[in-house]
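Structural overview
As a plain string of letters, each chain reads:
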Amino acid sequence: MAHAKNHDYHILPPSILPFLGALFGFLMLFGAVLWMHGITAWMFWGGLLGVLYTMFAWWSEVTVESNIGDHTAVVRIGLRYGFILFVMSEIMFFFAWFWSFFKHAIYPMQDYTYTVYSQPDIHIVDPLHLPLINTLILLLSGCAVTWAHHALVHGNDRKALVQGLAIGIAFGVAFTALQGFEYYEVLAHEGWEFGGDIFYSNFFMATGFHGFHVLLGTVFLIVCLIRAMKGAFTPEQHVGFETAAWYWHFVDVVWLFLFFAVYLWGTAGM
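Residues numbered from 1 in each chain as written. Predicted model: local features only at pLDDT ≥ 70, side-chain atom pairs only at ≥ 80, totals over all residues. Heavy atoms only, no water.

Right, let's get into unusual backbone geometry. Phi at Asn 156 is positive, roughly 50°, even though this residue is not glycine. Turning to its location among the elements, Asn 156 is positioned in the loop between α4 (130-153) and α5 (158-188). Although it is not a glycine, Phe 233 adopts a positive phi angle of roughly 75°. Within the secondary structure layout, Phe 233 lies in the loop between α6 (198-229) and α7 (239-267). (Helix = DSSP H or I, 4+ residues; strand = E, 2+ residues; numbered from the N terminus.)

Here we take up the packing of aromatic side chains. Under the definition given, this model contains 28 aromatic pairs. Judged by centre distance (6.5 Å) and plane angle (65°), the ring pair of Phe 83 and Tyr 247 falls under edge-to-face. Separated by 164 residues along the polypeptide, Phe 83 in helix α3 (residues 73-106) and Tyr 247 in helix α7 bring together distant segments of the chain. Pair check on accessibility: Phe 83 and Tyr 247 agree, each one buried. Aromatic ring contacts, followed pair by pair, group Phe 83, Phe 86, Phe 93, Phe 94, Trp 97, Phe 209, Phe 220, Trp 246, Tyr 247 and Phe 250 into a single cluster. (Phe/Tyr/Trp six-rings, centres within 6.5 Å; stacked < 30°, edge-to-face > 60°. Buried < 20%, exposed > 50% of the residue type's maximum accessible area, 1.4 Å probe, protein only.)

Within the UniProt annotation, "transmembrane region" (unreviewed entry) is assigned to residues 12-36, 42-60, 81-102, 128-148, 160-178, 198-226 and 246-266. Taken end to end, residues 42-60 has its terminal C-alpha atoms 27 Å apart, with 100% of it in helix and 0% in strand. When the span residues 128-148 is considered, its composition is 90% helix and 0% strand, and the gap between its end C-alpha atoms is 29 Å. (UniProt positions renumbered as here; feature names shortened; annotations may be inferred.)

Here helix α1 (residues 17-36) crosses helix α2 (residues 42-67) at 155°, and the two axes come no closer than 7 Å. As far as their axial angle goes, α2 and α1 are roughly antiparallel. As for how α1 packs across α2, the hand of that crossing is left-handed. Residue composition of the contact of α1 with α2, by class: 17 nonpolar, six polar and one charged. (Axes fitted to C-alpha atoms, helices over the stretch in contact; angles between N-to-C directions. Parallel < 35°, antiparallel > 145°, perpendicular 65-115°, else oblique. Left-handed = near helix turned anticlockwise from the far one by under 90°. Nonpolar A, V, L, I, M, F, W, Y, C, P; charged D, E, K, R; others polar.)

This next bit is on empty space enclosed by the protein. A full pass over the atoms with the stated rule returns two cavities of 30 Å³ or more. The calculated volume of the largest cavity comes to roughly 50 Å³. Lining the largest cavity are Trp 97, Phe 98, Phe 101, Asn 202, Phe 203, Ala 206, Leu 258 and Val 262. Looking at the lining of the largest cavity, the elements that each hand over two or more residues are α3, α6 and α7. Residue composition of the lining of the largest cavity, by class: seven nonpolar, one polar and no charged. (1 Å grid on protein atoms, 1.4 Å probe; cavity = no way out; pocket = protein on both sides within 12 Å on 5 of 7 lines; lining within 4 Å. Points joined across faces, edges and corners; volume = space filled by probe spheres on them.)

Next comes the structure, spelled out in structure tokens:
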């Protein structure tokens, strides 16, 4: 037959969602610039709402495609490759903040005319209190998500899948709450300030963006939990949950680097 499908690929029908995603993304970022210059914040929030709508509509379509069998083994491989590339771009994003932190801690000169070393101004946060607790919480959360993944792949244990996801989400929420408390303590009681010096800027940008990624990962896991409770995911087809687990392990690893670099290494007086 002329229109018979004789390949394993999924040919997508025309969609306006990619155009809407680009349009709303531009409006959000351009609106952020206007907001930073004190002109208006409405364009940013409008663009953000548009981006959220596009994400919801697009991923809803992807879920429908999976449910009707369009996600063959070849398509699932492509989805995994695409997500791996996304995670690699995130790695490069955080690499920039680590580069800035180490550069200014080890070689903090501002005037390059004279190669005179000046003592780096690193403010101490006790790593064995809230940072250590948050590290353990995030690692336990990663263990719970891994348990849920194992329960799905080996035996299709729906109860363990839901329980593991719920525990992982609860630990993620606890991490966010404790990080917010840590920010409150250093800002209200320790005299820290956003952008007060190079260390403050690096600390809040690196840990703050990581906290934002934890929030995104938590939402990612919540969506997977809702889908799992509705009977979604099978041992053979669970790319959505698999990528969520990858993303959660990514934020775990980034936090470990932050903990050892910013908290432990900084406390050592480097």
